[in-house]
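# Analysis of the macromolecular model
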Amino acid sequence: MEQHRAVIVGAGIGGLAAAVALNRRGWQVTLLERATGLAPVGAGIALAPNAQRALDVIGLGDRVRELSAWQGDGGMRTPGGRWLARTDAKAAAARFGGPLVLLHRATLVDILTSALPEGVVRTGATATVTDPGDDHRPARLTVADAGTTGRAEIEAELVIAADGIHSATRGTLFPGHPGPRYSGSTTWRVVVPAPARPFAPHETWGAGRLWGSQPLKDGRVYAYAMAVAPAGAHAPDDEKAELLRLFGDWHHPVPEILAGVAPDRILRHDVHHLPDPLPAFHRGRVALLGDAAHAMMPSLGQGGNQAVEDAVVLAHHARTTPDFVPGRALAAYTADRLPRTTAIVRRAARTGAITMLSARPAVALRAAAVGAVSRFGTGLALRGFDGICDWNPPADPVPPAGDATRSA
């Protein structure tokens, strides 16, 4: 039987996961990435049990867990080092069906890429959707290769736009949508060798500032910071100096981690999100995925997790059966994903607003509230992730690697 053709725009985690999932469904997949290579970029990523179960569907969950650090007991602290709340990794794993794991984004990209046939990923290719198509005609894209002036027109039965928070495809499909909004905060991310003195995983909340330190399996530490800042602001000297000004006098291991940071290895990004939900995650034969569909604040650690969920749910509805109808399949995808991700975007925004409180009375009240919750045990604190980390993917499994043709 002739294979159906899908084109994916964007080779981030969501786009790669979608490529793997669709390939194992029997689709002929082309993944177009405008960068000239899949260089090891980014820092760490935490994968909660919901995303791991999605990766299990495409046969990659065990490999991810093998190469990840399983988060141990830690908790929330004040800048001076006082513990406000302790976390219980075993209790969290029992409640949500597995542990939280951490790995470098480059490692996850390698795992996903290695699961794809050679030639699927095409870098240095900028794709623009020119016609979303419908049930009676294919979608059309214009593709321009880096270093050339020519453009090619291609058609596909399915297009997945995983082109990020500033998605050009989203603007094409929904030109009236207001698009991403600046959250009021900026983030920094680093990966450095672990300090000599041991430490417990932690997230520390200050006045309009936040710091987190999480060990990776390879002996390094993934650290992240967030602070209230004007949009587009930059350090007057370098970002390391800025981090030292903001966090240099915080508790161990923050100063030690900062001492090991090379200024040119610090990633800084303003935090934008999509507080206004889209009317749908599709139009015609084009589906939006990940940040292109539902960018959220990082306060729940669910951005990449939700992109992986998107990928397996979309592949589930894109089963290539004789009665496959693109419009019906993508409408089902929207129905599954839009309510869930809208709720998580809103919850992340509320949590982000709490973490970035700056007024001294509000910060003191927040610390008291966190401490009070912790005294009731870990169950009450974990309840905030009910409905997120306990998610399960659609029931029917994707064929294992090597058996993709059975579903074609």
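For the structure itself, consult the block above.
Everything in this summary refers to the structure shown in the same document. (Residues numbered from 1 in each chain as written. Predicted model: local features only at pLDDT ≥ 70, side-chain atom pairs only at ≥ 80, totals over all residues. Heavy atoms only, no water.)

## A short note on the sheet that holds strand 10 (residues 139-145)
As a reminder, the rule being used: A pair of strands is labelled paired if DSSP reports no fewer than 2 bridges between them. Only DSSP runs of H or I covering at least 4 residues are called helices, and only runs of E covering at least 2 are called strands; the numbering of each starts at the N terminus. Orientation is described by lines fitted to C-alpha atoms, with helices fitted over the stretch in contact, and by angles between N-to-C directions that extend from 0 to 180 degrees.
The three strands are arranged 9-10-11 in an open sheet whose pairing can be described as antiparallel. The outermost strands of the open sheet, each flanked by one partner alone, are strand 9 (125-131) and strand 11 (151-156). Taking the axes of each pair of neighbouring strands and ignoring which way they run, one obtains an average angle of 30° across the sheet. Of the strand pairs in this sheet, strand 10 and strand 11 are connected by six bridges, and their pairing is antiparallel. The residue bridging alanine 144 from the neighbouring strand is arginine 151, located in strand 11.

## A word on the packing of aromatic side chains
Heads up, the rule is: The pairing test for Phe, Tyr and Trp rings, Trp by its six-membered ring, is centres within 6.5 Å, and the orientation test on the planes gives stacked under 30 degrees, edge-to-face over 60, and tilted for anything in between. A 1.4 Å probe rolled over the protein chains alone gives each residue an accessible area, and that area as a share of the maximum for its type sets the label: buried under 20%, exposed over 50%, partly exposed in between.
If you walk through the whole model with that rule in mind, you get four aromatic pairs. Plain terms: the ring middles of phenylalanine 247 and tryptophan 250 are 4.9 Å apart, the flat faces sit at 80° to each other, and that makes the pair edge-to-face. We classify phenylalanine 247 as buried; its relative accessible area is 0%. On the numbers, 6.4 Å between centres and 50° between planes, the contact of phenylalanine 281 with tyrosine 333 is tilted. With phenylalanine 281 in the loop between strand 17 (267-273) and strand 18 (282-283) and tyrosine 333 in helix 11 (residues 326-355), this residue pair connects regions lying 52 residues apart in the sequence.

## Quick look at the sheet that holds strand 14 (residues 202-205)
Within the open sheet, the seven strands sit side by side as 6-5-14-15-16-13-17. Their pairing is mixed. A single partner strand is all that each edge strand has here, and the edge strands are strand 6 (83-86) and strand 17. Looking at each pair of strands side by side, their axes are set apart by 20° on average, direction ignored. Direction of pairing for strand 14 relative to strand 15 (residues 209-215): antiparallel, over a ladder of four bridges. Among the inter-strand pairings, glutamate 203 is bridged to a residue of strand 15, identified as glycine 212.

## Quick notes on a nonpolar patch on the surface
Rules: Each patch is built from residues that are more than 30% exposed by relative accessible area and take part in no salt bridge. Like charges join if they lie within 9 Å; nonpolar side chains (Val, Leu, Ile, Met, Phe, Trp, Tyr) join within 5 Å. We get accessible surface area from the Shrake-Rupley algorithm with a probe of 1.4 Å; when it comes to residues, only the shown protein chains can shield them. Note on definitions: salt bridges are taken to be side-chain nitrogens of Lys or Arg within 4 Å of carboxyl oxygens of Asp or Glu.
On the surface, Val373, Phe376 and Leu380 cluster together into a nonpolar patch covering about 290 Å² of accessible area. Of note, phenylalanine 376 is situated in the loop between helix 12 (360-374) and helix 13 (378-382). In this structure phenylalanine 376 comes out as exposed when scored by relative accessible area, which is 68%.

## Thoughts on the environment of alanine 372
With respect to the element layout, alanine 372 can be found in helix 12. As a C-alpha pair, alanine 372 and aspartate 270 span 102 residues in sequence and 32 Å in three-dimensional space.

## Looking at helix 2 (residues 49-57)
Among the nine residues in helix 2, eight count as buried, and that is most of the element. Restricting attention to buried positions, one finds in helix 2 the residues Pro49, Asn50, Ala51, Gln52, Arg53, Ala54, Leu55 and Val57. Within two residues after helix 2, glycine 59 carries a phi angle of roughly 80°, on the positive side.

## Looking at the nonpolar core
Note the cut-off: Residues belong to a common nonpolar core when they are buried Ala, Val, Leu, Ile, Met, Phe, Trp, Tyr or Cys residues joined through side-chain atoms within 4.5 Å. Any two residues having at least one pair of non-hydrogen atoms within 4.5 Å are treated as being in contact.
One finds Leu22, Leu47, Leu112 and Leu289 to be the most contacted residues of the largest nonpolar core, which totals 73 residues. Looking at this core element by element, the count peaks at eight residues for helix 1 (residues 13-23). Other than its neighbours up to four places away in sequence, leucine 47 contacts Gln52, Leu55, Val64, Pro99, Leu100, Val101, Leu103, Leu108 and Asn305.

Everything listed here is a matter of coordinates, which is why it stays silent on function.
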